[in-house]
Each structure stands twice: as C-alpha cells, then as structure tokens.
Amino acid sequence: MAQVALRNIVKMFDRTPAVQGIDLDISDREFIVLVGPSGCGKSTTLRMIAGLEEATSGEIYIGDQLVNDVPPKDRDIAMVFQNYALYPHMTVFENMSFGLRLKKFPKPEIRERVQAAARILDITNLLDRRPKQLSGGQRQRVAMGRAIVRNPKVFLFDEPLSNLDAKLRVQMRTEIKKIHQTVTTTTVYVTHDQVEAMTLADRVVIMNGGRIDQIGSPHEVYHKPRTQFVAGFIGSPTMNFLPCRLVENGAGLTVRLSDWLALPVPPSREARYRPRVGQEMIFGLRPEHIREGRGDMPPGSAAFDARLDVVEPMGMETMVYFIVDGVEVCGRVDPAAAGNVGESMRLVADLNQMHLIDPRTEVVI
Amino acid sequence: MADVVARDIRIPARSGQLSLHKFARRKSTIAFLMALPLIAIIACLVIYPAFYSIHLASLNKSMTKFVGFGNFEFLFRRNTFWMVVEQSLLFAITAVIFKAVVGFIVAHFVHNLPSQGQRKWRGMLLIPWVIPPAMSTLAWLWLFDPSYSAFNWVFTHLGIPQVAWLGNPYWARFCVILVNIWVGSPFFMIMYLAALKSVPEQLHEAAAIDGANWFQKIWYINLPMMRNIIQITALFSLIVTFANFDIVKILTNGGPVDQTHVFATWAFTLAIWGNDIPLGASVSLFMAPILAIAAFFILRNVRRRGNEA
C-alpha cells in the first residue's frame with residue numbers, strides 16, 4: 001500500500017511534448033482514473049509511473065521513494081495491459097505465478113497466492129489452460145490475476161477493457177470495482193471512456209494536450225467542470241455549447257442565444273455573471289437539463305418552443321434535436337412526450353445547471 | 001481442405017459411378033493438374049537422380065555388374081569411411097550450434113539498435129552469406145596461407161607462436177568449421193531477427209514489471225516464443241551444412257590425409273578422382289538416412305507445439 005506523487009512531470013518524444021508538466025497526488029488505497037482523448041498523454045503518464053518510459057524532467061514518488069531511476073522490476077507495481085500481454089507459451093498458472101517465481105518465492109506460497117487470486121477472479125478451473133484457449137473476458141481476468149498475486153504497492157491499468165465487447169465491458173467494469181473493494185490497493189487506471197472513469201474513480205483526472213484540466217470526484221467534474229473541454233468531455237450525449245451574449249434585463253440578467261431565444265439567468269448566478277454583462281460568451285447546458293414542458297415550472301427554469309429537427313428514440317428516453325442559429329442543440333425528453341420531426345415542441349431548460357464559458361480562455365465562469 | 005476431400009469421396013459413393021466430366025471438374029483433380037508441372041520438375045530433377053544413384057550404388061567399379069550391397073560392405077570395412085562419418089557429424093553439428101548461437105546473439109544486438117541504423121547493419125551483416133562461398137573461401141584460404149597468413153603475421157607481432165592452420169589436422173578441422181560459421185551465421189541472424197520482431201514488445205514490458213532482468217526476458221520470453229523458428233532454421237542449416245562441398249573442397253580439399261573430408265567431398269574424390277562412381281554414389285547415399293532421422297525428431301516437436309500455441 002502506498003501513495004503516488006507526480007511533481008511537474010514532463011515527457012518529450014524527440015521534440016514533441018507528450019506530457020507538459022503535471023502534478024498529481026494519489027493517496028493510499030485511492031482509485032484514480034486518468035481520462036482524456038487519444039494523444040492527451042494519459043498512457044504516457046501511466047507508463048512513466050510504471051517505469052516503462054523515462055520522464056524527461058520532474059519527479060515520481062511511489063510511497064516515499066523517488067523512483068525516477070528505479071527500473072520497473074524494483075518499483076513494486078503491477079500493470080494490466082490493453083491487449084493483456086499474457087505469455088502465450090505459459091499456462092494460466094504459469095502466467096500468474098511468473099513474477100513470484102522470478103522473485104524466488106517458495107512453491108507452496110506461490111500455489112496458495114495463485115489459488116487465492118483465482119478464487120477472487122473466479123478462474124480456478126482455467127489454471128491449466130493456455131491464453132489461446134481463453135475468451136477475451138477470461139484473458140482479462142488472468143491479466144488482473146497476474147497483477148493481484150504480486151500484492152504490489154500500486155496497480156496500473158492501461159485501458160484494460162477496450163478490447164472487450166460492450167456487454168462484457170460493463171460486466172468487467174463492475175468486477176474491477178468489486179475487486180478494488182476487496183483488494184484495496186492504490187490504483188491508477190487509464191481510459192478514454194468517460195463512463196468508465198465516472199463509475200470507477202474515487203477521483204477523475206481529466207487530461208487534455210499533455211496537461212491536467214481538472215482533478216475531482218465524478219460528481220465534481222460533472223457538475224462543476226473547470227473548462228469547456230471538461231464540460232464537453234464528461235457526459236453523454238455531450239454538453240450543448242451555444243454562442244451567446246449576456247444582457248441586462250431590468251433587474252435580472254438574460255442569456256441571448258438568438259433572435260427568438262433568450263433565457264433568464266437564475267438569481268443565484270447573477271452576482272457571479274454580472275461583470276460579464278455585454279460580452280460574447282459561450283452558453284453550456286447538458287441535454288439532460290433540457291426536458292419536455294410539464295405543467296409545473298421549477299424555479300430557475302425557462303420554457304420555450306422549438307421546431308424539432310431530429311428525433312432519436314432510445315427506449316427509456318428520447319433525444320430531440322433542434323437548431324438555434326445554425327447550432328444543433330440536444331434535449332433529453334420522456335418518450336411519451338416527444339413530438340414529431342418538423343413539429344414544434346414545448347421544452348424546459350433547467351438554468352440552475354447552466355454554464356457560462358469565456359470564449360477566449362475556455363474557462364467556465 | 002479436409003472437408004473438400006471428404007465431399008469428393010462422398011459424391012461417387014452415392015452415385016455409384018463417376019463420369020469423366022465430373023472427375024475433371026473435381027477440385028482435387030484441378031489442383032493436381034495445376035501442380036503437375038512442378039511434380040514433373042521434381043520427378044526429373046530429384047526423384048530420377050535419387051533412384052539413379054541408388055542404381056549406381058549397386059554396380060561394380062566399371063559399372064558393368066550388379067553387386068547388390070557390395071559397395072556398402074566395402075565401405076563399412078574402411079577406416080576412412082568411419083572417419084568421414086565422424087568428421088561430417090562433428091562438422092555439421094558444431095557449425096550449426098555455433099551458427100545458431102552467433103546468429104542469436106547478433107540478432108539481439110541488431111534488434112536493439114535504433115531503427116534508423118538497423119537497416120544498414122542488417123545489410124552489412126548479411127554480406128558473408130550473400131557472397132558466393134567459393135569466392136569468400138578463397139579469401140579465407142589466403143588468411144590461412146602457410147607463408148602469407150594474415151593471422152600468423154598478427155601472431156608473430158604479438159609474440160604468439162605461428163599456427164599451421166591448414167596443415168595440422170585439428171587446426172584444419174577448426175578452420176573449415178570457422179569458415180562455415182562465418183558464411184552461415186547471417187542466415188540464422190536474419191531468421192532470428194524476424195522471429196524477434198514478431199515477439200510483442202508488451203510481453204517484454206509485462207516481464208519487466210514482473211521483475212525479469214534482460215537475461216530472464218531472453219530466457220523466459222524470447223527463447224520459448226522463437227523455439228519453432230530456432231528448430232526449423234537449425235534443421236534447414238543442418239541439412240545444408242551436412243551436404244557442404246565448396247568450403248571444404250577449396251580450403252583443404254579433404255586434407256591433411258583425408259582428415260577434413262565430409263560426405264560430399266569424399267564422394268566427389270572417390271567418384272571423380274578415384275574413377276569409382278558407384279562407390280561415390282554409395283557414400284553420398286549415406287547422408288539421406290542420417291538427415292531423415294534428425295528431421296523426424298525436430299519436426300515432431302514443431303508440430304506438437306504448433307497445436308498447443
């Protein structure tokens with residue numbers, strides 16, 4: 001068990017920066033998920049913690065030890081790779097026990113540890129098979145088993161579920177969460193899938209262009225995104241972004257989105273937004289905060305009519321799309337209430353959940 | 001392929017008879033007809049000479065009388081024959097082992113070079129294999145020359161006594177093996193390099209995290225992953241080395257006192273210089289059973305692993 005700390009880590013590939021100075025403190029037993037689009041430096045960061053890549057500058061600590069110059073084998077970490085990286089010529093037992101055998105553990109202890117890990121992962125009946133004879137999900141379990149038997153200070157997961165089909169991915173996601181609850185080891189998990197990040201993490205680290213945009217609990221990054229990138233990356237379907245102008249309207253403020261659409265800012269946000277009056281801003285609102293118009297109108301929400309451009313029934317809900325000044329906007333409504341394409345529909349925007357973004361800095365105000 | 005064959009068998013069984021038209025349209029018939037030119041070439045160039053040499057081996061020296069196993073009985077009684085068997089085995093096995101070891105080590109070095117320089121090195125290291133051995137062996141002959149030997153020149157300057165490279169039987173054996181290793185190692189290198197490239201880098205990374213040092217990575221990851229290529233390359237090279245002719249012929253011509261003869265050179269000496277073609281044919285026939293046994297054992301292992309991998 002150990003904490004991990006990154007201090008101003010930079011990684012250059014030739015002259016191309018992959019990671020541009022990140023600081024991160026991971027506490028003991030914490031489950032941290034690094035998430036971001038491809039090329040954002042999340043895997044490189046993980047590989048630097050593992051020791052598979054050397055940091056160009058900065059310091060990496062595992063426990064209290066500075067590990068920059070410590071080879072992977074002496075860092076006491078275990079890693080699960082995207083394509084499992086199981087040794088094809090070894091049986092499941094040999095794969096799982098390989099690290100222990102190299103460290104010259106006594107045979108009975110190796111057997112005991114492998115059995116224990118196999119029980120956790122429910123693969124006791126596969127120990128004599130070779131990786132070729134296993135399904136994707138089983139291989140994934142073996143790869144995790146190989147990490148668990150070592151009882152390392154830190155688990156590193158590099159997109160471990162990307163090669164599984166959608167159904168299995170959801171199932172394994174739950175399993176990983178369960179396993180972390182059983183084997184409470186500090187975990188760093190890399191994924192490009194924000195759903196995985198939200199469901200697994202104690203804290204989510206959102207990376208973009210080699211930098212950390214935000215670190216926070218899943219709740220925090222969803223409700224209080226720090227930048228437009230985070231706001232757009234977290235949540236599915238993605239947040240609607242519309243250019244707007246903040247104008248004074250009597251005593252209150254209004255967000256003017258187009259000639260026909262202007263939404264009132266809730267009183268609770270007025271103080272925060274007032275300095276921006278008259279400026280061009282970006283208005284952000286998640287699809288789930290644009291609902292069908294019902295009888296009651298909660299405070300802070302505003303109703304409007306929109307002509308539906310596309311209607312996508314999803315079963316438990318229906319996505320409706322309409323156009324505001326050339327920008328497509330998505331709302332998430334009750335299937336029973338959804339209108340037809342080309343028709344006008346009454347929608348309600350929950351403005352307590354709105355965000356205003358400065359278009360120059362892309363920071364959420 | 002298996003179910004194609006199975007279907008072909010079932011059709012005539014059901015209809016009871018087979019029309020010529022159907023027969024001509026069967027996949028296996030077409031496959032056979034297409035392979036026929038190659039089969040004809042193999043028959044002319046391999047099978048016919050093979051049987052002809054068996055026929056020759058059963059004749060007397062003037063090739064006028066059938067003597068059955070007479071030539072073989074004569075060979076078994078001669079010490080030179082057993083010496084040639086011994087030298088051929090020593091030559092082939094030692095050379096193949098060293099070629100494999102040198103090729104394996106060099107392949108690892110080349111594999112770990114940065115990719116820009118790698119092509120250049122790969123090309124240069126292939127040179128000994130690409131030059132016709134008849135030519136490169138002549139260069140070696142010069143290096144080993146009793147009067148002009150470059151090695152001896154260096155030895156003299158270092159104060160080491162000179163060596164009669166090709167005059168002393170033991171050194172002569174050493175020399176023919178050395179030149180064979182020099183010529184053949186690049187082939188192993190290129191085969192092993194190809195095998196190394198097919199070992200996923202992530203396995204090395206996983207092993208590094210599991211605690212393996214560089215030697216353990218080679219021993220537990222590379223070697224088992226390359227085992228099939230290592231064995232097939234060794235078998236192929238064993239056959240070629242066992243049947244080697246040019247290096248021994250040019251470097252020592254079998255001497256001193258027949259000590260460096262291998263099957264091919266001795267057969268040539270007996271048949272052409274000794275004017276006893278049937279005896280030469282008998283000697284050369286001995287290569288076949290020895291190689292067949294080696295091939296059987298090596299390929300059996302390869303097939304067994306092919307199923308499990």
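Since the model is a prediction, treat every value here as computed from it, not as a measurement.

J.: Please give an account of the overall build of chain B that cites residues and values.
T.: Helix and strand content of chain B: 15 helices and 0 strands. The C-alpha atoms of chain B give 25 Å as radius of gyration, which overshoots the globular expectation for 309 residues (19 Å, by more than 25%). Overall, the C-alpha framework of chain B stretches about 90 × 70 × 30 Å when taken along its three principal axes. Across the 309 residues in chain B, those meeting the buried criterion constitute 38%. Nonlocal contacts in chain B, meaning residues at least 24 apart in sequence, comprise 67% of its contacts between residues at least 6 apart. Charge centroids of chain B, computed over 24 positive and 12 negative side chains, lie 10 Å from each other.

J.: Any chance you could break down the packing of aromatic side chains for me, citing the residues and the numbers?
T.: Residue and element names in this part refer to chain B. Throughout the structure, instances matching the rule amount to 35 aromatic pairs over all chains. Consider the rings of F104 and Y192, whose centres lie 6.0 Å apart with planes at 75 degrees: the pair is edge-to-face. In this pair, F104 sits in helix α5 (residues 79–111) while Y192 sits in helix α9 (residues 169–197), placing the two residues 88 residues apart along the sequence. The exposure class of Y192 is buried, given its relative accessible area of 1%.

J.: Could you give an account of the domain arrangement of chain A, with specific residues and numbers?
T.: All names here are of chain A. Domain annotation of chain A identifies domain 1 (4–225) and domain 2 (240–357). The distance between the C-alpha centroids of domain 1 and domain 2 comes to 40 Å. With 4 residues of domain 1 in contact, the opposing surface of domain 2 contributes 5 residues. Across the interface of domain 1 and domain 2, roughly 340 Å² is buried in total on both sides, 40% from carbon and sulfur atoms. Of all residues in domain 1, Y222, H223 and P225 bury the most surface against domain 2, accounting for 98% of the area lost on that side. Across the contact surface, domain 1 and domain 2 share 0 salt bridges. The interface formed by domain 1 and domain 2 contains 2 residue pairs in polar contact (both at pLDDT 80 or more). Broken down by class, the residue content of the side of domain 1 that touches domain 2 amounts to 3 nonpolar, 1 polar and no charged.

Criteria and cut-off values
- Sequence order sets the numbering: in each chain, residues are counted from 1 along the sequence as written.
- Whichever chain is written first becomes A and whichever ligand is written first becomes 1, with later ones labelled in order.
- This being a predicted model, a pLDDT of at least 70 is required before a residue's local features are given, and a value of 80 or more before pairs of side-chain atoms are given or counted; all residues contribute to the totals for chains, interfaces and linings.
- Values shown for side chains rest on all heavy atoms present in the structure; no hydrogens or waters enter the calculation.
- The helix and strand labels rest on DSSP assignments: H or I over at least four residues marks a helix, E over at least two residues marks a strand, and numbering proceeds from the N terminus.
- With C-alpha atoms as the basis for the radius of gyration, the globule rule is written as 2.2 Å multiplied by the number of residues raised to the power 0.38.
- Between buried and exposed lies partly exposed: a residue is buried under 20% and exposed over 50% of the maximum accessible area for its type, with that area taken using a 1.4 Å probe on protein chains only.
- Here a residue-residue contact requires only that any non-hydrogen atoms of the pair lie within 4.5 Å.
- The charge count includes Lys and Arg as positive and Asp and Glu as negative, but it does not include His or the ends of the chains.
- Positions of charges follow a simple convention, taking NZ of Lys, CZ of Arg, CG of Asp or CD of Glu.
- Ring pairs shown here join Phe, Tyr and Trp side chains whose ring centres sit within 6.5 Å, with only the six-membered ring taken for Trp; geometry is labelled stacked below 30 degrees between planes, edge-to-face above 60, and tilted in between.
- Either an automatic procedure or a domain database provided the assignment from which the domain bounds are taken.
- When two components associate, each loses some accessible surface as probed by a 1.4 Å sphere; the sum of these losses over both components is called the buried area.
- Here, a salt bridge means any Lys or Arg side-chain nitrogen found within 4 Å of an Asp or Glu carboxyl oxygen.
- Between N or O atoms, a polar contact is any pair within 3.5 Å; within protein, one atom must be a potential hydrogen donor and the other a potential acceptor, and residues adjacent in sequence are included only when both atoms are from side chains.
- In this classification, the charged set is Asp, Glu, Lys and Arg, the nonpolar set is Ala, Val, Leu, Ile, Met, Phe, Trp, Tyr, Cys and Pro, and all remaining amino acids, among them Gly, are polar.

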